[in-house]
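# Notes for the structure review
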Amino acid sequence: VQLQAFGGGLVRAGGSLRLSCEASLRTFYSYSLGWFRQAPGKEREFVAYIQRRSGSTFYSDSAKGRFTISRDNAKKTGYLQMSSLTPEDTATYYCAADLSGSIGTMRAWSRYNYWGQGTQVTVSS
């Protein structure tokens, strides 16, 4: 298993959660990381991205201002801190690792090299 995502759970609207993505990739530092989510009956949706070298971060419009993506290369772990959660954030969240580092295609889930198994986030109203 190259990536494992965990930290999901049930939270009330307005609450916070921090998702973690642990990697067993030998060269974790050479991968950019993305977070996606998928709600039942919907397509997989880009949430956030952090570049491998610069650490520059990018967010979907829905995540901007509420979510923060980060990484700790020494721990080979990525994070997604989520706050001000709403029921619309309910989904299975996936982390993914990308060798290309290209922000031009960061929203394209098909270009990622490795995926975590997903962690469920449920936000109650």
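Going by the structure above, here's the rest.
Structure report, in brief. What you see is a predicted model; the values in this text were computed from it and never measured.

### Details of the overall build of the protein chain
Secondary structure assignment for the protein chain yields zero helices and 11 strands. Starting at the N terminus and ending at the C terminus, the protein chain contains elements arranged as β-β-β-β-β-β-β-β-β-β-β. For the protein chain, the C-alpha radius of gyration of 13 Å lies close to 14 Å, the compact-globule estimate for 125 residues. With the principal axes as the frame, the protein chain shows a C-alpha extent of 40 × 25 × 25 Å. By residue count, 46% of the 125 residues in the protein chain fall in the buried class. Restricting to contacts in the protein chain with at least 6 residues of sequence separation, those with at least 24 account for 58%. Each charge class in the protein chain can be summarised by its mean position, and for the 15 positive and 8 negative side chains these summaries are 6 Å apart.

### Quick notes on the side chain of Thr-77
Among the secondary structure elements, Thr-77 is positioned in strand β8 (residues 77-82). There is a polar contact of 2.9 Å between the side chain of Thr-77 and the backbone oxygen of Lys-75. Those residues in contact with Thr-77 that lie beyond four places of it in its chain are Ser-20, Cys-21, Glu-22, Phe-28, Arg-71 and Asp-72.

### Here we look at the pattern of salt bridges
Evaluated as defined, the whole model comprises five salt bridges. One salt bridge in this structure joins Arg-37 and Glu-45, with 2.9 Å as the shortest N-O distance. Classification of Glu-45 by relative accessible area gives partly exposed; the value is 33%. Through salt bridges with shared partners, one network takes in Arg-37, Glu-45, Arg-66 and Asp-89.

### Side note on the nonpolar core
Formed by 29 residues in total, the largest nonpolar core has its most connected members in Trp-35, Val-47, Phe-67, Leu-80, Met-82 and Tyr-93. Going through the elements one at a time, β1 (3-6), β3 (17-23), β4 (32-38), β5 (45-50), β7 (67-72), β8, β9 (91-98) and β11 (119-124) are the ones with two or more residues in this core. Ignoring any residue separated from it by four or fewer positions in sequence, one finds Val-47 in contact with Trp-35, Phe-36, Arg-37, Phe-58, Tyr-59, Ser-60, Ala-63, Phe-67, Leu-80 and Tyr-93. With six residues, the next largest nonpolar core counts Phe-36, Phe-46, Met-106 and Tyr-112 among its residues.

About the criteria used
Residues numbered from 1 in each chain as written. Predicted model: local features only at pLDDT ≥ 70, side-chain atom pairs only at ≥ 80, totals over all residues. Heavy atoms only, no water. Helix = DSSP H or I, 4+ residues; strand = E, 2+ residues; numbered from the N terminus. Rg over C-alpha atoms; globule rule 2.2 N^0.38 Å. Buried < 20%, exposed > 50% of the residue type's maximum accessible area, 1.4 Å probe, protein only. Contact = heavy atoms within 4.5 Å. Lys, Arg positive; Asp, Glu negative; His and termini not counted. Charge placed at Lys NZ, Arg CZ, Asp CG, Glu CD. Polar contact = N/O pair within 3.5 Å; in protein donor to acceptor, adjacent residues only side chain to side chain. Salt bridge = Lys/Arg side-chain N within 4 Å of Asp/Glu carboxyl O. Core = buried A, V, L, I, M, F, W, Y, C linked by side-chain atoms within 4.5 Å.

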